[in-house]
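Residue-level structure breakdown
Chain by chain, the residues:
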Amino acid sequence: MIKHNVTATADLFGHWFIVSQGKIWLNSVDAAPPLCRYDQLPQFLDGSEPLCLLGAIEGVDCYLLNYTDRPEAEEQWHSARALLQQSAAIFEHAARACQVALFFQTHRYCGQCGSSMHLVNWELAALCHKCGHRCYPRINPCVLIAVVNDKNQLLLARSTRHKTGFFSILAGFVESAETLEQAAVREVKEEVGIDICNLRYMGSQPWPFPHSLMTAFIADYKSGELVCQPDEIEEAHWFDLDQLPEVPMVATLSGQVIQYIARGGR
Ligand SMILES: [Zn+2]
């Protein structure tokens, strides 16, 4: 990492993602892009904060500036969710910024021998010089599964975490040594008690809350009765496509898959 007062490496017209404790500093959520330029960096920065190059959006370099103490009263700190409605490239770089910042924060010491970790300068990794333990930013794969039946209905569930909120397709984390497809079959069986078949891959989306990679499938209902797992699912129902309840926004992968099915996709 370098310091941001080393102006030889600082692009005055770059996008600056200032991240602290999982939140991003934005000039305004409604501005496009809402990110800081070098001459707009907030006053509380003193030039000693570590930064790294994240990539580029349409040829404009993007920097992560990792700020550890977040001023509590400031209203310009936002979740990366605030950038979902911006371009996919901005959201993806915001996701990367949050995840890399979390990686720096949680890998200061070696998990194997307890010594200080050092950042590798040619790849995004942390290395222990004492025992050789090397770590990369954590990514947790998750599966989203949209189950459809032969009555042209979509299975949607409401999580116990959203007592009065929206319905969505089923979701779960991939376990060790499991394929995405095996995870999808297992999660549906565990959460609502039914068997599925004919999985079709639909796409993926980085989801930095805190470090997931969402992958989505459509699957056909095969057999079984709906029985909700009490700890996970408040309720689950088959919905006709013209009578869907409130569902996630289209900026999310689950929202995109639901919209695709509602428009006749399979
Ligand atoms: Zn070590």
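Residues numbered from 1 in each chain as written. Predicted model: local features only at pLDDT ≥ 70, side-chain atom pairs only at ≥ 80, totals over all residues. Heavy atoms only, no water.

**As for the coordination of the zinc ion**
Coordination of the zinc ion by the protein is provided by Cys110 (SG), Cys113 (SG), Cys128 (SG) and Cys131 (SG), with metal-donor distances spanning 2.3 to 2.4 Å. Viewed at the metal, the 4 donor atoms of the zinc ion are separated by angles of 101 to 116°, and the geometry they form is tetrahedral. Taken in chain order, the donor set of the zinc ion reads C-x2-C-x14-C-x2-C. Residue Cys110 is found in the loop between α1 (88–106) and β7 (117–119), and its partner Cys131 is found in the loop between β8 (126–128) and β9 (134–135); the two are separated by 21 residues along the sequence. (Donors = N, O, S within 2.8 Å, 3.2 Å for Na, K, Ca; no water. Tetrahedral: all angles 85-135°; square planar, octahedral: opposite > 155°, others 65-115°. Helix = DSSP H or I, 4+ residues; strand = E, 2+ residues; numbered from the N terminus.)

**Let's talk about the packing of aromatic side chains**
Per the counting criterion, the structure on display carries 12 aromatic pairs. Ring geometry for Trp25 versus Phe44: centroids 5.1 Å apart, planes at 75°, classification edge-to-face. Here the residue Trp25 occupies a position in strand β3 (residues 23–25), and Phe44 occupies one in the loop between β3 and β4 (50–57), the gap between them amounting to 19 residues. The class for Phe44 is partly exposed, based on a relative accessible area of 22%. Aromatic pair Phe103 and Phe104: ring centres 6.2 Å apart, planes at 45°, arrangement tilted. Comparing Phe103 with Phe104 shows no difference in burial state: the two are buried. These aromatic residues form a ring-pair network of at least three members: Trp25, Phe44, Tyr67 and Trp77. Taking the ring centre of Phe209 as reference, the NZ or CZ of Arg81 above it sits at 4.0 Å. (Phe/Tyr/Trp six-rings, centres within 6.5 Å; stacked < 30°, edge-to-face > 60°. Buried < 20%, exposed > 50% of the residue type's maximum accessible area, 1.4 Å probe, protein only. Lys NZ or Arg CZ within 6 Å of the ring centre and 35° of its normal.)

**What to know about the pattern of salt bridges**
The full count for this structure, using the stated rule, is 8 salt bridges. In this structure, Arg186 engages Glu175 in a salt bridge whose closest nitrogen and oxygen atoms are separated by 3.7 Å. A residue pair is termed long-range when its members are at least 10 positions apart, and Arg186 in helix α2 (residues 180–192) and Glu175 in the loop between β12 (170–173) and α2 qualify at 11 residues. Using a relative accessible area of 15% as the deciding quantity, one classes Arg186 as buried. A residue is classified by how much of its surface remains accessible, and Glu175, at 46% relative accessible area, is partly exposed. With its nearest N and O atoms 3.0 Å apart, the salt bridge here joins Asp220 to Arg200. Taken together, the residues Asp220 in strand β14 (residues 212–223) and Arg200 in strand β13 (residues 195–207) connect sequence positions 20 residues apart. For Asp220, a relative accessible area of 21% puts it in the partly exposed group. Given a relative accessible area of 22%, Arg200 falls into the partly exposed group. (Salt bridge = Lys/Arg side-chain N within 4 Å of Asp/Glu carboxyl O.)

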